[in-house]
Amino acid sequence: MKSVCSGNDLTQGSIAKGVVLFALPLLGSSVVQQLYATVDLLFVGNVLGSGPLAAVGISTLLISCLIGFFVGLSVGVNVVIARFFGRGLAEDVARAIHTAMLLGVLGGIILAALGIVIAPYYLQLMATPREIYTDALCYLQIYFLSMVSVVLYNQAAGIFRGIGDSITPLIAQIAGGIFNIGMNAFFLIVLEYGIAGSAYATFISQSVAAGILLCKLISHPVFRLRFSELKLHKDIVQGILLIGIPTGLQSLVITLSNVFIQHHIDLLGTSTIAAFSAYFKIELPIYYAIVSLGQAATTYVAQNHAAGLEKRARKATSICLMLGLGVSIILAGVLLAFGQWAFWVFSQDTTVIAIGVSIITITFPCYWIYVFLEVFAGSIRGRGNSVGPMIIILANICILRTVLLGILSTFGATVEDIAWLYPVTWLSTSVCMAICYGVVINKKASRIPKCV
């Protein structure tokens, strides 16, 4: 890399090897982060039973909804820093780091307060069954105490990935994941705190992960974080928000669509709720493998596009697509073969297992379609345009999916009907994203302000 910077230069070397080495830690970090909730489900389902398991499943959607918006800001941080880094502008990278961390603190406080306040209204809106309402509310309100740590972790992770380092966030998440397992066992089995204990375990483990990254930034040899220099630089904030807000809204509308679907799932009974709760965890190996390649495309394209290496940026996108297709097909086949046992891990209820298997039989063979959605969207964002992907996601994942579900519900939507909504809207979204990608790569002007 340019002598002024200390990080991983993605504008040089083998693209295929670089994508794999950069994406693997991204995959590991994403999986470990989501395993926090999976560990919660495993402990709650096996120690406390199917009722509390369903309570955690309903709670997860609101958590994802609110966190998703602020995670979008970390994508903005990633792109802005990657572009500065690609040009070798170490001083601007440092300014962006201090701006991003202050945004993280403020955003985490807002998110924690908002989540605690709206939790009961959300559960009422979701027509949460009376027998699990108290557990769900308890879990949500304690969980949201960890939001400052969650947002800070994601902001710091965006910083490290922007300078080409995807390993440090993974190390932090592994440490937090180990704490999460230990704390769940301690609070649920030793202290018998019930569902509240699982939420306390998450609070502690997320704080550990965020603390590790914070310490790494404070001790970084070049981009050292100094609390006295925390400041919201206007040009940096503008660049982060220009990418981050549309990306955050994209995550938000996807989750809102899932909330609407969850409402219809709730009407089908506790067994169906538990089956879908487990399904959303079992699909993670495929989902996060694809997402990691989309994130790799974002950083690769951001650095190379900023450095004027457009041919290299396009090749990185093609490689991410090919890797994504291969990995998604292989993982889908493996999980289909062992699907029954995968659901058994979460619940030994034969009804829950049967419903779960019927869901993956429909969705997993079509998961390769999702690769085009993520990689094209990531590449477009890396070029400084996150509005296009947001509009496409809004039109297809939110509006089209909701309209289709509304039509199906008039005829009495079944579990299979709901499952088919996913591949159908993946396909429509991917087609639109491919068209958008073709338009964007033929435009020379970036949507990020020149100062960024």
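Preceding this section is the structure that the text describes.
Quick notes on the rules
Residues numbered from 1 in each chain as written. Predicted model: local features only at pLDDT ≥ 70, side-chain atom pairs only at ≥ 80, totals over all residues. Heavy atoms only, no water. Phe/Tyr/Trp six-rings, centres within 6.5 Å; stacked < 30°, edge-to-face > 60°. Helix = DSSP H or I, 4+ residues; strand = E, 2+ residues; numbered from the N terminus. Buried < 20%, exposed > 50% of the residue type's maximum accessible area, 1.4 Å probe, protein only. Salt bridge = Lys/Arg side-chain N within 4 Å of Asp/Glu carboxyl O. Axes fitted to C-alpha atoms, helices over the stretch in contact; angles between N-to-C directions. Parallel < 35°, antiparallel > 145°, perpendicular 65-115°, else oblique. Left-handed = near helix turned anticlockwise from the far one by under 90°. Contact = heavy atoms within 4.5 Å. Nonpolar A, V, L, I, M, F, W, Y, C, P; charged D, E, K, R; others polar. Patch = residues over 30% accessible without salt bridge, like charges linked within 9 Å, V, L, I, M, F, W, Y side chains within 5 Å. Areas by Shrake-Rupley, 256 points an atom, 1.4 Å probe, with all protein chains shown as cover.

Engineer: Residue-level account of the packing of aromatic side chains, with values.
Structural biologist: All chains considered together, the criterion is met by 18 aromatic pairs. Measuring from centroid to centroid gives 5.6 Å for tyrosine 370 and tryptophan 426, while their planes differ by 70 degrees, and the two rings are edge-to-face. A residue pair is termed long-range when its members are at least 10 positions apart, and tyrosine 370 in helix α14 (residues 369-382) and tryptophan 426 in helix α16 (residues 415-440) qualify at 56 residues. Just as tyrosine 370 is buried, tryptophan 426 falls in that class too.

Engineer: Summarise the pattern of salt bridges; cite the residues concerned and give the values.
Structural biologist: Applying the stated criterion across every chain, the model contains four salt bridges. For the salt bridge of arginine 95 with aspartate 235, the shortest nitrogen-to-oxygen distance reads 2.9 Å. Of this pair, arginine 95 sits in helix α3 (residues 90-125) while aspartate 235 is found in helix α8 (residues 234-266), placing the two residues 140 residues apart along the sequence. The class for aspartate 235 is buried, based on a relative accessible area of 18%. Each of the salt bridges in this network shares a partner with another, and the network as a whole consists of Asp92, Arg95 and Asp235.

Engineer: I'd like a rundown of the packing of helix α2 (residues 50-87) against helix α9 (residues 270-282), residues and numbers included.
Structural biologist: One way to put it is that α2 packs onto α9 with a least axis distance of 9 Å and a crossing angle of 60 degrees. In terms of orientation, α2 lies oblique with respect to α9. Crossing of α2 over α9 shows left-handed handedness. Across the interface between the two elements, Leu53, Ala54, Gly57, Ile58 and Thr60 of α2 pack against Thr270, Ile273, Ala274, Ser277 and Lys281 of α9. Looking at the contact of α2 with α9, its residues break down into five nonpolar, four polar and one charged.

Engineer: A description of the environment of phenylalanine 179 should follow, citing residues and the corresponding values.
Structural biologist: As for its position among the elements, phenylalanine 179 is in helix α6 (residues 167-190). Residues phenylalanine 179 and isoleucine 195, 16 residues apart in the sequence, show an inter-C-alpha distance of 17 Å. Those residues within four positions of phenylalanine 179 in sequence are excluded, and the remaining contacts are Ile204, Ser205 and Val208.

Engineer: Can you tell me about a nonpolar patch on the surface, naming the residues and giving the values?
Structural biologist: A contiguous nonpolar surface patch, about 680 Å² in accessible area, is contributed by Val47, Leu48, Phe186, Ile189, Val190, Leu191, Tyr193 and Tyr200. Among the secondary structure elements, those contributing two or more residues to the nonpolar patch are α1 (15-48) and α6. Top element by residues in the nonpolar patch is α6. It accounts for three residues. On the basis of relative accessible area, phenylalanine 186 is assigned to the partly exposed category, the value being 37%.

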